[in-house]
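Spelled out, the chains give:
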Amino acid sequence: MTPLFAAVLAYLVLQFGIGIWVSRRIRNESDYLLAGRRLGYPLMIFSIFATWFGAETMVGSAGLAYRDGVSLASAEPFGYALCLLLMGLVFATPLWHRKLTTLADLFRQRYSIPVERLAAVILIPSSLLWAAAQMRAFGQVLATTTTLPVEAALLAAAGFCILYTAFGGLLADAITDLVQGVLLVVGLLVLLGAVVLELGGVTSAVTAAVHSERIVPAGAGLPIWRTLEAWAVPVCGSVVATELVARIIAARSPRVARRSSFAAGAIYLAVGLIPVFIALAAPRLAGDLADPEQFLPTVARTLLPAAGYAIFAGGLISAILSTVDSTLLVSSGLLSHNLLVPLLGIRDQATIVHLARGGVVAFGLVAYVLALRSEGVFALVEQASAFGSTGSLVTVCFGLFTRWGGPRTAAATLVGGMASYVSASVGGLSYPFLTSLAVALGIYVTGALLERVVAPPHATAPAANGWTRT
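Section: the overall build of the protein chain
- Across its full length, the protein chain carries 19 helices and 0 strands.
- Looking at the protein chain alone, contacts between residues at least 24 apart form 86% of all its contacts between residues at least 6 apart.
- Surface accessibility of the protein chain: about 18100 Å² in total, with carbon and sulfur atoms responsible for 68%.

The structure is reproduced here in structure tokens:
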């Protein structure tokens, strides 16, 4: 065992130990899935930042910039930072006041129980795709840290992610996110400092990045719709993502939820520019790579001493673990809270927590298979942000802020949004997400208008704050 691998292993054991320690405080479903709804500013800010700052930002975006360059169609990290800002401006306060346990609860409160269950079924795959992306990136880190091949490293990464998540729940995730977020920032700053020194100083590094041949000039043959598609996926596809909503509704107050979103978005943008800058300024440091996703770990391994690389690897692993934890918890919560518990009539809180933990294990195995068969981290994240998200976004917006539309309209929009995205992707359309968003919006508006026409004179639309489970 090399000293580098020993350092990474020690960090993983520490994270796992925190999860086990915090698990002793979990008494009910709210503790496990929402940290008891008592997160304050430090935990909220770094939990949102660390959850959102995943493998696609460090490994995926750097690899994409290394391979394809940077253009107006490169939305990372600006798109996801804008997504967090939009959450704070528009959605955080009304979502917090709903007292949700999962995002699917909103569909029950505003529409009906069948719509809630349909939403849960549609939302789960998106979380699994995101978890798969993080597991794949974890495998890439282990592959560069050890002598394991990528496939074996991916298996080891998946096993640890599953066990880590099953024990601790959201409270453990929030506590470790504070440590992980700081280590993540430190790790990237250490690498940035090494790259700047290697290039001859700040001025030389900035000049190399600004004049990089990988920067595609504005208007250089990029279709406007391609640019809109690239930005719509992270912004519109993620603004009401289940993982982000889970953090918002776990805050101790709406003010904490709103302001934490703003702060996390600002940190995300500042830190997210570092991997892109390195890819622009120093692509030669990695040489010719068969897999561009190995770019950032390769540069770190080349430039940093063992202690420095251990810090970098710890930061990257921190980004991955915080996101995996959230995605697996969310998908398990949707399955247990919105489907199995009400259908089976379970009331015992201990049984509900065990059921949620079992869901984490099952979905972790599914995410591992997806990661093994995927084309890359960034491709998985784009699929996660786009799959089923257009119908969810449209129904959430109308459900939160209007009285338009009932259960049938909501159900048709959810199914239509997902089906149109899958059809557009399989059919090879250039802009599947925008197509799906237009279809979902058209379905909802048409359905709401038809409901008003055919409804009896005395009928009224469901109240925007009606939320009783029957």
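Quick look at the packing of aromatic side chains
- The final tally for this structure, using the stated rule, is 8 aromatic pairs.
- Geometrically, the ring pair formed by Phe49 and Phe53 is tilted, given 5.3 Å between the ring centres and 45° between the ring planes. Here Phe49 matches Phe53 in class, with each residue buried.
- Between the aromatic rings of Trp52 and Tyr80, the centroid separation amounts to 6.4 Å while the plane-to-plane angle is 80°, which identifies the pairing as edge-to-face. Placement of the pair is Trp52 in helix 3 (residues 41-52) and Tyr80 in helix 5 (residues 78-97), with a sequence separation of 28 residues. Comparing Trp52 with Tyr80, the two get one shared label, buried.
- Ring-pair connections join several aromatic residues into one group, and the members of that group are Phe49, Phe53 and Tyr268.

Some remarks on the pattern of salt bridges
- Here the structure, examined in full by the defined rule, presents 3 salt bridges.
- Notably, a salt bridge pairs Asp31 with Arg38, separated by 3.7 Å at the nearest N-O pair.
- A relative accessible area of 11% means that Asp31 is categorised as buried.
- Arg38 gets classed as partly exposed once you look at its relative accessible area, which sits at 39%.
- Members of the salt-bridge network, linked through shared partners, are Asp105, Arg108 and Glu116.

With respect to the environment of Leu9
- Summarising the element assignment, Leu9 is placed in helix 1 (residues 3-23).
- In this structure the C-alpha to C-alpha distance between Leu9 and Gly314, which are 305 residues apart in sequence, comes to 9.6 Å.

Let's talk about a nonpolar patch on the surface
- A cluster of nonpolar side chains, Leu82, Leu85, Leu89, Val90 and Phe401, forms an exposed patch at the surface whose accessible area comes to about 430 Å².
- No other element matches helix 5, which puts 4 residues into the nonpolar patch.
- Within the secondary structure, Leu89 sits in helix 5.

Here we look at the state of the cysteines
- For the structure on display, the rule yields 0 disulfides.
- In this model Cys236 remains outside any disulfide bridge; the closest cysteine sulfur is found in Cys397, 8.7 Å from its own.
- For Cys236, a relative accessible area of 26% puts it in the partly exposed group.

Notes on helix 19 (residues 432-454)
- Here helix 19 is 23 residues long and its end C-alpha atoms lie 33 Å apart, about the 33 Å a rise of 1.5 Å per residue gives.
- Here helix 19 has its buried residues at Pro432, Phe433, Leu434, Ser436, Ala440, Tyr444, Gly447 and Ala448.

Regarding the confidence of the model for the protein chain
- Of all residues in the protein chain, 88% have pLDDT values of 70 or greater, and the mean over the chain is 83.
- Looking at the elements of the protein chain, mean pLDDT is at its lowest for helix 16 (residues 377-386), recorded as 53, and at its highest for helix 6 (residues 104-110), recorded as 96.
- Across residues 460-470, where pLDDT falls below 50, the model places 24 contacts with residues more than four positions away in sequence or in other chains.

Observations regarding the nonpolar core
- With 132 residues, the main nonpolar core has Met135 and Phe312 as its most contacted residues.
- Top element by residues in this core is helix 8 (residues 150-198). It accounts for 19 residues.

Observations concerning the packing of helix 18 (residues 407-426) against helix 19
- Running from N to C, helix 18 and helix 19 cross one another at 160°; their axes reach a closest spacing of 8 Å. Taken together, the axes of helix 18 and helix 19 are roughly antiparallel relative to one another. When the axes of helix 18 and helix 19 are compared, the crossing they make is right-handed. Across the interface between the two elements, Pro407, Arg408, Thr409, Ala410, Ala412, Thr413, Gly416, Gly417, Ser420, Tyr421, Ala424 and Ser425 from helix 18 touch Pro432, Phe433, Ser436, Val439, Ala440, Ile443, Tyr444, Gly447, Ala448 and Glu451 from helix 19.
- Its residues placed into classes, the contact of helix 18 with helix 19 shows 12 nonpolar, 8 polar and 2 charged.

Section: the packing of helix 5 against helix 10 (residues 224-236)
- As a packed pair, helix 5 and helix 10 sit with axes 8 Å apart at the nearest point and diverge in direction by 40°. The pairing of helix 5 with helix 10 is recorded here as oblique in orientation. Once helix 5 is placed against helix 10, the crossing between them reads as right-handed. The segment helix 5 lies against helix 10, with Phe78, Gly79, Tyr80, Leu82, Cys83 and Leu86 engaging Trp231, Pro234 and Val235.
- In the contact of helix 5 with helix 10, the residues fall into 8 nonpolar, 1 polar and no charged.

Section: the side chain of Ser336
- Here Ser336 lies in helix 14 (residues 306-344).
- Setting aside chain neighbours within four positions, we find Ser336 in contact with Val341, Pro342, Leu355 and Ala356.

Some thoughts on unusual backbone geometry
- Within the chain, Arg37 stands out as a residue other than glycine whose phi angle is a positive 55°.
- Of note, Arg37 is situated in the loop between helix 2 (29-34) and helix 3.
- A positive phi is found at Lys99, a non-glycine position, where the angle reads about 55°.
- Its location among the elements puts Lys99 in the loop between helix 5 and helix 6.

Cut-offs and rules
Residues numbered from 1 in each chain as written. Predicted model: local features only at pLDDT ≥ 70, side-chain atom pairs only at ≥ 80, totals over all residues. Heavy atoms only, no water. Helix = DSSP H or I, 4+ residues; strand = E, 2+ residues; numbered from the N terminus. Contact = heavy atoms within 4.5 Å. Areas by Shrake-Rupley, 256 points an atom, 1.4 Å probe, with all protein chains shown as cover. Phe/Tyr/Trp six-rings, centres within 6.5 Å; stacked < 30°, edge-to-face > 60°. Buried < 20%, exposed > 50% of the residue type's maximum accessible area, 1.4 Å probe, protein only. Salt bridge = Lys/Arg side-chain N within 4 Å of Asp/Glu carboxyl O. Patch = residues over 30% accessible without salt bridge, like charges linked within 9 Å, V, L, I, M, F, W, Y side chains within 5 Å. Disulfide = S-S within 2.5 Å. Expected span 1.5 Å × (residues − 1). pLDDT = per-residue confidence, 0-100. Core = buried A, V, L, I, M, F, W, Y, C linked by side-chain atoms within 4.5 Å. Axes fitted to C-alpha atoms, helices over the stretch in contact; angles between N-to-C directions. Parallel < 35°, antiparallel > 145°, perpendicular 65-115°, else oblique. Left-handed = near helix turned anticlockwise from the far one by under 90°. Nonpolar A, V, L, I, M, F, W, Y, C, P; charged D, E, K, R; others polar.

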